[in-house]
Amino acid sequence: MSERIAFIGGGNMASAIIGGLIKQGVSPQDIDVVEPSEEARQQLSSSFGITAQAQANPSLATASLVVWAIKPQAFKDAAVAAGPFTGNALHLSVAAGIPTDSMAAWLGTQRVVRAMPNTPALIGKGISGLFARAGASAEDRAQVERVMASTGEFLWLDTEDKLDVVTALSGSGPAYVFYFMEAMTMAGTEMGLSREQAEHLAVATFAGASDLAQTSADSPQVLRQRVTSKGGTTFAAISSMEDNDVRALFIDAMYAARERAKKLGAEFGAA
Ligand SMILES: NC(=O)c1ccc[n+]([C@@H]2O[C@H](COP(=O)([O-])OP(=O)(O)OC[C@H]3O[C@@H](n4cnc5c(N)ncnc54)[C@H](OP(=O)(O)O)[C@@H]3O)[C@@H](O)[C@H]2O)c1
């Protein structure tokens, strides 16, 4: 990758992608970042040696790819500020909800792709859903794949609305996993383990179970059944969860996340 890449927004997700690109051999000198927060600019400088700009400026015109890594709420204003300099670039957004229709209208180009990554991207173990607008060429898609591969796995979606589902599942998903880790740690501590012991056991359990699910030919359901001896301890725990409708509540929570993605798009994507 010898092309220049500009990031609009230099926070968590931008840093995860930039970290992956630099590990892949991209020079920090080929990366521009627009980031209004001084603290975030300092972080980019100390982590990656990148001197970020406080606002959009004509130097963005040298970028062949612009990555939009800002909150949906800030997208339109940022697009209006940077759009005049980026007309010739391919645009890749990681923002939840904001539709490519809006981006195409704000930026005056059809070369728009959306990605929904997740924070394990920070260690190259993310997974992203990707959707390309019809105006993005095969080479545009290939360029996006090269960038997103630096953060982990990716899969292409055939319709844009499925990105909201990916957002609810794997985009927000790490938070669900951490939430369960927190609950397991809390329970283990209440029952007499030290906090460190309980957290260690919870984190290692998720890591081991995830590796097992990834490498096994069996489904998560079968793997769960293998842990669950009839009349045993796991059976007691799973029965308690089923009696309390934990599965249904969890599914409700994911619908709430998808709904929020749609609302963010409708509210902040309005042209
Ligand atoms: N975090 C995740 O797990 C995750 C996963 C998938 C997708 N995403 C998406 O990624 C996007 C960014 O999320 P994030 O977690 O990286 O947020 P973040 O850490 O808050 O980073 C966004 C950065 O953009 C800056 N910003 C605000 N207005 C700007 C402007 N006009 N031009 C340039 N930069 C501007 C913010 O500065 P201030 O703080 O000063 O406002 C902030 O530093 C969101 O749209 C989110 O939906 C996030």
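Definitions and cut-offs
Residues numbered from 1 in each chain as written. Predicted model: local features only at pLDDT ≥ 70, side-chain atom pairs only at ≥ 80, totals over all residues. Heavy atoms only, no water. Helix = DSSP H or I, 4+ residues; strand = E, 2+ residues; numbered from the N terminus. Buried < 20%, exposed > 50% of the residue type's maximum accessible area, 1.4 Å probe, protein only. Pairing = 2+ DSSP bridges. Right-handed = clockwise from strand over helix to strand, strands pointing away. UniProt positions renumbered as here; feature names shortened; annotations may be inferred. Axes fitted to C-alpha atoms, helices over the stretch in contact; angles between N-to-C directions. Contact = heavy atoms within 4.5 Å. Near = heavy atom within 4 Å. Polar contact = N/O pair within 3.5 Å; in protein donor to acceptor, adjacent residues only side chain to side chain. Areas by Shrake-Rupley, 256 points an atom, 1.4 Å probe, with all protein chains shown as cover. Nonpolar A, V, L, I, M, F, W, Y, C, P; charged D, E, K, R; others polar. Parallel < 35°, antiparallel > 145°, perpendicular 65-115°, else oblique. Salt bridge = Lys/Arg side-chain N within 4 Å of Asp/Glu carboxyl O. Patch = residues over 30% accessible without salt bridge, like charges linked within 9 Å, V, L, I, M, F, W, Y side chains within 5 Å.

Visitor: I would appreciate a short explanation of unusual backbone geometry in the present structure.
Guide: Negative phi is the rule for most residues except glycine; trans is the rule for most peptide bonds. Residue Asp245 is not a glycine yet carries a positive backbone phi of 60°. Here Asp245 is to be found in the loop between helix H10 (233-243) and helix H11 (246-268). The class of Asp245 is partly exposed, set by a relative accessible area of 46%.

Visitor: Mind showing me how you'd approach the pairing of strand S2 (residues 31-34) here?
Guide: It is a general feature of regular strands that their side chains alternate between the two faces of the sheet. Residue alternation in S2 divides its side chains into two sets, Ile31 and Val33 and Asp32 and Val34, and both sets are buried. Judged from the 4 bridges that link them, strand S1 (residues 5-8) and S2 form a sheet pairing that is parallel. Residue pairing in the sheet places Phe7 in a bridge with Val33 of S2. Each parallel crossover has a hand, and the one from S1 via helix H1 (residues 12-23) to S2 is right-handed.

Visitor: What should I look at first to understand the UniProt feature "domain: Pyrroline-5-carboxylate reductase dimerisation" (unreviewed entry) in the protein in this one?
Guide: Here the UniProt feature "domain: Pyrroline-5-carboxylate reductase dimerisation" (unreviewed entry) sits at residues 160-264. Secondary structure content for residues 160-264 is 83% helix and 0% strand, while the C-alpha to C-alpha distance between its ends is 14 Å.

Visitor: What am I meant to see in the sheet that holds S2 here?
Guide: Across a sheet, strands are paired by hydrogen bonds formed along the backbone, either parallel or antiparallel in direction. The mixed open sheet is built from 7 strands, whose spatial order is S2-S1-S3-S4-S5-S6-S7. Only two strands of the sheet have a single partner each, and these edge strands are S2 and strand S7 (152-156). Between one strand axis and the next, the sheet turns through 25° on average, direction left out of account. As paired strands, strand S4 (residues 90-93) and strand S5 (residues 112-116) are joined by 3 bridges and run parallel to one another. Pairing of Leu92 across the sheet is with Val113, part of S5. Contacts from helix H6 (residues 162-171) reach S5 and strand S6 (126-132), with the element oriented near 30° to S5.

Visitor: Help me understand the site of the ligand in this model?
Guide: By nearness alone, 21 residues border the ligand, and Asn12, Met13, Glu35, Ile70 and Lys71 come closest of all. Taking Met13, its main chain carries an N or O atom lying 2.8 Å from an oxygen atom of the ligand. Within the side chain of Glu35, an N or O atom sits 2.7 Å from an oxygen atom of the ligand. When isolated, the ligand has an accessible area of 880 Å², and the protein chains bury 72% of it. Secondary structure elements with two or more residues in the shell around the ligand: H1 and helix H3 (72-82). Per-class residue counts for the shell around the ligand are 14 nonpolar, 5 polar and 2 charged.

Visitor: I would appreciate a short explanation of the packing of H6 against helix H7 (residues 173-190) in the present structure.
Guide: A packed helix pair is summarised by two numbers, namely the angle formed by the two axes and the spacing between the axes. One way to put it is that H6 packs onto H7 with a least axis distance of 5 Å and a crossing angle of 30°. Taken as axis vectors, H6 and H7 run roughly parallel relative to one another. For the pair H6 and H7, the contacting residues are Ala168, Leu169, Ser170 and Gly171 in the first and Gly173, Pro174 and Tyr176 in the second. Its residues assigned to classes, the contact of H6 with H7 shows 4 nonpolar, 3 polar and no charged.

Visitor: Help me understand the pattern of salt bridges in this model?
Guide: Two side chains carrying opposite charge are able to pair once their charged atoms lie near each other. Applying the stated criterion to the full structure yields 11 salt bridges. With its nearest N and O atoms 2.8 Å apart, the salt bridge here joins Arg114 to Glu160. A residue pair is termed long-range when its members are at least 10 positions apart, and Arg114 in strand S5 and Glu160 in the loop between S7 and H6 qualify at 46 residues. Taken as a pair, Arg114 and Glu160 share a single burial class, namely buried. Connected through shared salt-bridge partners, Glu3, Glu139 and Arg146 make up one network.

Visitor: I'm lost on a nonpolar patch on the surface in this one. Help?
Guide: Residues Tyr179, Phe180, Met184 and Phe250 make up a contiguous nonpolar surface patch of roughly 390 Å² in combined accessible area. Among the elements that make up the nonpolar patch, the one with the highest residue count is H7 (3 residues). Tracing the chain through its elements places Tyr179 in helix H7.

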